[in-house]
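So the chains spell out like this:
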Amino acid sequence: PLRQPRAGAKVAAMTKPADNPADPTAPRLFETLCRDILGVQQAGLVPVGSLAAVAGPPLMYPPGNEAGPPPVSAWSTRFQPSAHCLPVEQNSGGWMWAVPLWSPQGLAGVLFLGEKSSGGVLSEEEVELAQTGGERLLDMQAGSEMARLSMDLLRRRLAQQRVLEGQGRRVLHDEILPELHTAILY
């Protein structure tokens, strides 16, 4: 019969952390939202609250933008569910607007927007598009990360189950069967 590799080796191979980053489509969609729909020079999508743990790091436009958005802690208490956006103070690195992103649990994130590339002003429709798009992107990132974590947990559980099955067979083969064989011979 074929021998299986040591059960411990399987667990080590199966429980290795995944190298998969968060959903790779989110940064591309965010870039499209900022560049093609809103036409802003810079933007930052910052998750807060319960989504901050699973949605990953903030998304920045343009990619590699060094000017980070203002601290979110100063904004979380200023938003009201009826407000679509608030102006950012002057001298804040080119950031013009802070758009709250809501979930059923409350504030889910903040979308910071810079000046428009055309030099114009954001319309109310554009702010609503930014808010809706930002909320969907946060949901997508969080859902993708939760699915990845669920798959990792499932893989670990399956690996543990295989090890437990192998241990039972090994105990049966190495300890119980020799004793039964010895008892039969006597």
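Structure's up top.
We now turn to the structure provided with this report. Remember, predicted model here, so these are calculated numbers, not experimental data.

What to know about the environment of Ala130
Part 1 of the reasoning: Summarising the element assignment, Ala130 is placed in helix α3 (residues 124-185).
Part 2 of the reasoning: Put simply, Ala130 and Leu101 are 29 residues apart on the chain and 9.1 Å apart in space, counted from C-alpha to C-alpha.
Part 3 of the reasoning: Residue contacts for Ala130: discarding those within four places in its chain leaves Leu33, Leu38, Leu101, Leu111 and Leu113.

A few points about the sheet that holds strand β3 (residues 86-87)
Within a sheet, neighbouring strands are paired by backbone hydrogen bonds and run either parallel or antiparallel to one another.
Part 1 of the reasoning: Across the sheet, which stays open at both edges, the five strands sit in the order β2-β1-β5-β4-β3 with antiparallel pairing between neighbours. Strands at the two margins of the open sheet, each flanked by one partner only, are β2 (59-61) and β3.
Part 2 of the reasoning: For β3 and strand β4 (residues 95-103), the ladder comprises two bridges, and the chain directions are antiparallel. Bridge pairing in β4 links Leu86 to Ala98.
Part 3 of the reasoning: Contacts from helix α2 (residues 25-38) reach β1 (43-47), β2 and β5 (106-114) within the one sheet, and its direction differs from that of β2 by about 35°.
Part 4 of the reasoning: Contacting β1, β2, β4 and β5, α3 runs over the sheet at an angle of about 55° to β4.

Considering the side chain of Glu135
Part 1 of the reasoning: Assignment of secondary structure puts Glu135 in helix α3.
Part 2 of the reasoning: A polar side-chain atom of Glu135 sits 2.9 Å from the main-chain amide nitrogen of Trp102.
Part 3 of the reasoning: Apart from residues no more than four positions distant in its own chain, Glu135 is found in contact with Pro100, Leu101 and Trp102.

Thresholds applied
- Position labels on residues start from 1 in each chain and follow its written sequence.
- Per-residue local features are limited, in this predicted model, to residues with pLDDT of at least 70; the limit for side-chain atom pairs, both in listing and counting, is 80 or more; totals at the level of whole chains, interfaces and linings are taken over all residues.
- Computation of side-chain values: all heavy atoms of the structure, hydrogens and water removed.
- Counting from the N terminus, the helices are the DSSP runs of H or I reaching at least four residues and the strands are the DSSP runs of E reaching at least two.
- We call two residues in contact whenever any of their non-hydrogen atoms come within 4.5 Å of each other.
- Whether two strands pair comes down to DSSP finding at least two bridges between them.
- Working convention: axes come from line fits to C-alpha atoms, limited for helices to the stretch in contact. Angles between N-to-C directions cover 0 to 180 degrees.
- As used in this structure description, the phrase polar contact means that two N or O atoms lie within 3.5 Å; if the pair is within protein, one of them must be able to donate a hydrogen and the other to accept it, and residues adjacent in sequence are counted only when both atoms belong to side chains.

Everything listed is a geometric property; what it means functionally is a separate question.
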